[in-house]
Amino acid sequence: AAFPTSSQGATIVAYSPYQEDWGEDAVIQEQVFYVKTDQSDQESYEASDLMIGSSGISATTRAGNNAITFNHMLAKVAIHVVDETGYVNLDRINVELLNVNNSVSVNLLTMSVSTLPERVPAIKMLSEMTTDWRISSYAIVAPQKVADGETFFAVTLYGNRQTYPIPQAAQLEGGKVYTINMRLTEQGLIPDEWYITDWDEEGEQTIYAK
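Throughout this description, residue numbers start from 1 for each chain and increase along the sequence as written. Owing to the predicted nature of the model, reporting of local features is limited to residues with pLDDT of at least 70; listing and counting of side-chain atom pairs is limited to 80 or more, with chain, interface and lining totals taken over all residues. Calculation of side-chain values draws on the structure's entire complement of heavy atoms; hydrogens and water are dropped beforehand.

Caption draft 1: Broad picture of the confidence of the model for the protein. Residues at a pLDDT of 70 or more form 85% of the protein, whose mean pLDDT is 88. As a per-residue measure, pLDDT tells how confident the predictor is, with possible values from 0 to 100. Contact definition: two residues touch when any of their heavy atoms are within 4.5 Å. Below a pLDDT of 50 lies the segment residues 59-63, which in the model reaches 10 contacts outside its immediate sequence neighbourhood of four places, other chains included.

Caption draft 2: Local environment of the sheet that holds strand E7 (residues 103-107). In this analysis, strands are considered paired if DSSP registers two or more bridges between them. Numbering of helices and strands runs from the N terminus, with a helix taken as a DSSP run of H or I at least four residues long and a strand as a DSSP run of E at least two residues long. As summarised here, the arrangement of the three strands in space is E2-E7-E8, forming an open sheet in which the pairing is antiparallel. Looking at strand neighbours, the two that pair on one side only are strand E2 (31-34) and strand E8 (112-115), the edges of this open sheet. Pairwise comparison of adjacent strand axes, ignoring direction, gives a mean angle of 35° for this sheet. A fitted line through C-alpha atoms serves as each axis, taken over the contacting stretch for helices, and the angle formed by two N-to-C directions is quoted from 0 to 180°.

Caption draft 3: Expanded view of the side chain of Asn 102. By the element assignment, Asn 102 lies in the loop between strand E6 (93-101) and E7. Excluding anything up to four places from it in sequence, Asn 102 contacts Phe 33, Tyr 34, Val 35, Glu 118, Arg 119, Val 120 and Ala 142.

Caption draft 4: Examining unusual backbone geometry more closely. Put simply, Ser 16 and Pro 17 share a cis peptide bond, and its omega is 0°. By the secondary structure assignment, Pro 17 is in the loop between strand E1 (10-16) and E2. Phi is positive for Asn 99, which is not a glycine, with a value near 50°. With respect to the helices, strands and loops of the structure, Asn 99 is situated in strand E6. With a 1.4 Å probe rolled over the protein chains alone, any residue whose accessible area is under 20% of its type maximum counts as buried; one over 50% counts as exposed, and the rest are partly exposed. Of the residues examined, Asn 99 reaches a relative accessible area of 37% and is grouped as partly exposed.

Caption draft 5: Just the nonpolar core, in detail. Side-chain atoms within 4.5 Å are what join buried Ala, Val, Leu, Ile, Met, Phe, Trp, Tyr and Cys residues into a set we call a nonpolar core. Counting 49 residues, the largest nonpolar core has Val 77, Ile 79, Leu 97, Phe 152, Phe 153 and Leu 172 as the members making the most contacts within it. Those elements giving two or more residues to this core turn out to be strand E5 (75-83), E6, E7, strand E9 (119-124), strand E11 (134-141), strand E13 (151-157), strand E15 (170-172) and strand E16 (176-185). Setting aside residues no more than four positions away along its own chain, Leu 172 makes contact with Ala 75, Val 77, Val 141, Pro 143, Gln 144, Val 146, Phe 152 and Tyr 178.

Caption draft 6: Looking closely at a nonpolar patch on the surface. A patch consists of residues exposed above 30% relative accessible area that lack any salt bridge, with like charges linked at up to 9 Å and nonpolar side chains (Val, Leu, Ile, Met, Phe, Trp, Tyr) linked at up to 5 Å. Note on areas: these come from Shrake-Rupley sampling with a 1.4 Å probe, and a residue is covered only by the protein chains present in the view. Here, a salt bridge means any side-chain nitrogen of Lys or Arg that lies within 4 Å of a carboxyl oxygen of Asp or Glu. Together, Val 27, Ile 28 and Leu 109 give the surface a local cluster of nonpolar side chains, amounting to about 320 Å² of exposed area. The topology assignment puts Leu 109 in the loop between E7 and E8. Residue classification places Leu 109 among the exposed residues on the basis of a relative accessible area of 56%.

Caption draft 7: Just the environment of Leu 90, in detail. With respect to the helices and strands, Leu 90 occurs in the loop between E5 and E6. On the accessibility criterion, Leu 90 (2% relative accessible area) is buried. Separated by 44 residues in sequence, Leu 90 and Arg 134 place their C-alpha atoms 7.4 Å apart.

Caption draft 8: Expanded view of the environment of Gly 149. Structurally, Gly 149 can be placed in the loop between strand E12 (144-146) and E13. Taking the C-alpha atoms as reference points, Gly 149 and Tyr 164, separated by 15 residues in sequence, lie 8.9 Å from one another.

Caption draft 9: Focus on the pattern of salt bridges. Within the structure shown, the criterion is met by four salt bridges. The partner of Arg 161 in a salt bridge is Glu 96, and the shortest N-O contact between them spans 3.0 Å. Here Glu 96 lies in strand E6 and Arg 161 lies in strand E14 (residues 160-165), a separation of 65 residues in the sequence. Of the charged contacts, one joins Lys 176 and Asp 198 as a salt bridge, the two residues approaching to 2.4 Å between their closest N and O atoms. Here the residue Lys 176 occupies a position in strand E16, and Asp 198 occupies one in strand E17 (residues 188-198), the gap between them amounting to 22 residues. Classification of Asp 198 as partly exposed rests on a relative accessible area of 42%.

What follows is the structure, given as structure tokens:
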């Protein structure tokens, strides 16, 4: 891409993933972004990961730093299940988030989002085996507050679906990862620890332009 020439300098703002229904007025009018309700495959999970970035252009050199760094605007939830029994087929586990906000109003000029009140009954999470005894599930949601004791997720194992409350009231923030660890024991699936971290395990995503 070529940076425009200007005697006053400029700022390039970009977003990902591309939205076909966002026209040229997306820069001056707020747009609505929806996460997928079924994020169980990699494509739909990545299509839910709204990112916005910018790069400045110098008024004197008419050039920028040739890099646009994108930031995750939404919140990520991770649920890890560790099998302590040694005989459960973890591939038979499906995990869903329940009754969560799924859309945001996007302001590209300020590079910010505002969560809309709309909720969906469930979002199917992307799951992958990380070891023979651990499976990790991920989903992306709008930034939101989840009240203490509110039913937050469901785990289905061998057709048996069990719902679980959030361990403690939490603020799911954009650019953060909310993680819940679960232990699968002889007595059943037991919640373990939970924590919130920066969403940086995948590193920054940068696009270089000329």
